[in-house]
Amino acid sequence: MVVGKIKTLILGAGGMLGMDLQAVFPEAISLTHAELDITDKNAVFSIIDRLRPELVINDGASKLEGERAIVNAMNRYYIVRTSWLFGLHGANLVNTMLKLGTANHVVRVVNDQFGKPTYTKDLAQKIPEILDCDYGIYHITNEGVCSWYEFASAIIPNAVPCTSKEYIRRAKRPEYSVLVNTKTRPMRHWKDALVEYMEVRKT
Ligand SMILES: NC(=O)c1ccc[n+]([C@@H]2O[C@H](COP(=O)([O-])OP(=O)(O)OC[C@H]3O[C@@H](n4cnc5c(N)ncnc54)[C@H](OP(=O)(O)O)[C@@H]3O)[C@@H](O)[C@H]2O)c1
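This write-up is about the structure you can find in this document. What you see is a predicted model, and the numbers here were worked out from it, not measured in a lab.

Rules used throughout
- Residues numbered from 1 in each chain as written.
- Predicted model: local features only at pLDDT ≥ 70, side-chain atom pairs only at ≥ 80, totals over all residues.
- Helix = DSSP H or I, 4+ residues; strand = E, 2+ residues; numbered from the N terminus.
- Rg over C-alpha atoms; globule rule 2.2 N^0.38 Å.
- Buried ≥ 20, exposed ≤ 12 C-beta atoms within 10 Å, placed from the backbone.
- Contact = placed C-beta atoms within 7 Å.
- Near = placed C-beta within 6 Å.
- Nonpolar A, V, L, I, M, F, W, Y, C, P; charged D, E, K, R; others polar.
- Pairing = 2+ DSSP bridges.
- Axes fitted to C-alpha atoms, helices over the stretch in contact; angles between N-to-C directions.
- Core = buried A, V, L, I, M, F, W, Y, C linked by C-beta atoms within 7 Å.

When you go through the protein chain residue by residue, the secondary structure sums to seven helices and 11 strands. The globule rule puts the C-alpha radius of gyration for 203 residues at 17 Å, and the 18 Å found for the protein chain is close to it. In the protein chain, buried positions account for 28% of the 203 residues. Here the analysis covers contacts within the protein chain between residues at least 6 apart in sequence; of these, 80% occur between residues at least 24 apart.

Neighbouring residues of the ligand: 20 residues in total, closest G12, G15, M16, L17 and H33. For the shell around the ligand, the leading source of residues is helix α1 (residues 16–24), giving three residues. Classifying every residue of the shell around the ligand gives eight nonpolar, 10 polar and two charged.

The next thing to look at is unusual backbone geometry. Residues other than glycine seldom take positive phi values, yet R52 does so here, at roughly 50°. If you trace the backbone, R52 turns up in the loop between α2 (41–51) and β3 (55–58). On the neighbour-count criterion, R52 (9 C-beta atoms within 10 Å) is exposed. One non-glycine residue with positive phi stands out, namely W84, at about 45°. Mapped onto the secondary structure, W84 falls in the loop between β4 (78–81) and β5 (85–86).

With that out of the way, let us pick up the sheet that holds strand β2 (residues 29–31). Read from one edge of the open sheet, three strands run β2-β1-β3, paired in parallel fashion. Of all strands in the sheet, those with a lone pairing partner are β2 and β3, marking the two edges. Between one strand and the next, the sheet's axes are offset by a mean angle of 15°, whatever the strand orientation. Where strand β1 (residues 8–11) meets β2, three bridges bridge the pair, whose relative direction is parallel. Across the sheet, L11 pairs through a bridge with L31, a residue of β2.

Turning next to the nonpolar core. Core analysis: the largest hydrophobic core is formed by 32 residues, its most contacted members being I10, L11, L21, V109, W148, Y149 and A152. At the level of secondary structure, the elements contributing two or more residues to this core comprise β1, α1, α4 (93–103), β6 (107–110), α5 (120–130), α6 (148–153) and α7 (190–202). Top element by residues in this core is α6. It accounts for four residues. Residues within four places of L21 in sequence aside, it is in contact with I10, I57, D59, A124 and I127.

This paragraph deals with the environment of K5. Along the polypeptide, K5 turns up in the segment before β1. By the C-beta count within 10 Å, which is 9 here, K5 ends up exposed.

The subject of this paragraph is α2. An α-helical turn contains 3.6 residues, so a residue and the one three or four places further along point in the same direction. Across the 11 residues of α2, one count as buried, placing the element largely on the outside. Looking one or two residues beyond α2, the residue adopting positive phi is R52, at roughly 50°.

Okay, here's the thing in structure tokens:
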């Protein structure tokens, strides 16, 4: 897909992924939460009617219910599932670890929950490729599976492993949230993406 040839609207554009999407789609119309609340049906219809975008990228936290609504309502859609995002423009585990790691002697991190860390820049750059593929659901993550502890250990030297039972959180987290990509070329390993991210955030 030639980015720029298709009239694009990005919603939730002020978030971590939204900011990287704006870099990949520089000619898109980008609306933040403050500019458009996607739960305001009339406002959404009015904007879509006025702007008539050919492609809408919705970055709001809708998850499964949102997916179901889209699948039931339309035929031409792309749903992108991802996991464990880190990027320059938002709160994420990398920044949290760097803060905790310098402030604390040791940082306890769970070693029994597994996923695939994903750099928002890589994910955003993958979207034009997906737009050349069939409509449907896509699993897009960096390659490589690790636990939160293994991820943290790649960021700070003083992470120590613990179990989920030892580290109670209000929200229950899945033990295994590894998404398998069967539809597009694999992205680079999260460790390579992390090296670049750490370099870029220094500058
Ligand atoms: N972060 C992860 O590890 C992770 C993992 C899997 C999937 N995802 C999904 O990937 C997407 C991007 O994640 P992210 O980490 O970049 O999230 P994020 O930084 O929190 O960005 C989400 C953006 O959506 C906006 N938003 C929230 N409610 C809205 C509404 N009703 N109308 C319009 N905009 C609204 C937020 O604005 P405000 O901040 O002003 O509310 C924020 O700018 C999200 O859909 C998320 O569910 C994330």
